Structures are given as C-alpha cells and as structure tokens.
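Breakdown of the fold
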Amino acid sequence: MKLTLDHTQRLNLHALLGAQRADVGSIRAIWAVQDRIALNADEEKAVELKREIVAGQERAVWNPALSIPAKEFEFTDPEVARIKAAIQMWDSYGANADRRWLQPLVETLFAVDLVPDK
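An account of the accompanying structure is given in this report. (Residues numbered from 1 in each chain as written. Predicted model: local features only at pLDDT ≥ 70, side-chain atom pairs only at ≥ 80, totals over all residues. Heavy atoms only, no water.)

What follows is about unusual backbone geometry. Here the phi dihedral of E48 falls at roughly 55 degrees; this positive angle occurs in a residue that is not glycine. Within the fold, E48 resides in the loop between α3 (41-46) and β2 (50-54). Residues other than glycine seldom take positive phi values, yet A55 does so here, at roughly 50 degrees. Tracing the backbone shows A55 in the loop between β2 and β3 (57-61). (Helix = DSSP H or I, 4+ residues; strand = E, 2+ residues; numbered from the N terminus.)

What follows covers the side chain of T8. Within the element layout of this structure, T8 appears in helix α1 (residues 7-18). A relative accessible area of 8% places T8 in the buried class. (Buried < 20%, exposed > 50% of the residue type's maximum accessible area, 1.4 Å probe, protein only.)

For the rest of this paragraph, the subject is the pattern of salt bridges. Following the criterion strictly, the structure yields 7 salt bridges and no others. The residue D6 makes a salt bridge to R100 at a minimum N-O spacing of 3.6 Å. Of this pair, D6 sits in the loop between β1 (2-5) and α1 while R100 sits in helix α5 (residues 95-109); the two residues are 94 residues apart in sequence, bridging distant segments of the chain. Residue E58 pairs with R51 through a salt bridge whose shortest N-O separation is 3.7 Å. A relative accessible area of 55% means that E58 is categorised as exposed. (Salt bridge = Lys/Arg side-chain N within 4 Å of Asp/Glu carboxyl O.)

In structure tokens, the structure reads:
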C-alpha cells in the first residue's frame, strides 16, 4: 500500500509506533518502518525539529509554521497491519488536536469498499 505522508504524520506515526509493546521480532519490524519514515537531517532542520526529554520520555517538537513536501512510502501488508494496529490501540489525549494528521491516515487505512455487490 502506498501512503503519502507529510512531516507531521511521519513524526507522529514514528512516535506512535515507538510506543508499541511487542516481542523482539515485532520490535525490529517496527524499527524498520520507523527508520524508513524518519525525517533525514535536512528535513529535521527545515522544520526546526528538536527532541526533549519529558518525564523520562523523548518527545519531538517542531515549528508548526514550517513544512516540507509530503513524501510517498510503499508499505507491505504486514507493515500496514502494524500501522493499523498501532492506530487502533492508541489512546489519544485529544482527538481534535490529532485530527489534522490522523484523519487522512484513518480514512485511507480503514477504508471500506463502497462498491455495492452485483
């Protein structure tokens, strides 16, 4: 499945995947997805990305007034399943605050075939 992700989706999805509990094999598979969607050094600089430690947890913050072009990624079926599972298990602190980046992913990943049966 191809997904076009902007930097906000990439950063938030990276964090969401990183919060998953899993066995070692699954963790390695998650890391592979994270490594692929991670911003490179130039992209991080372009959005003024900074990492902070808050209550012992790393948090990424960036300048919301800055952006970079969205990028297309190809995911295998198992990778899509991991992404979907991470989204389904996520307990959002504020659905409204996350809607801008999350809604397009939810609509794509959880799309229902709307073609009527013949």
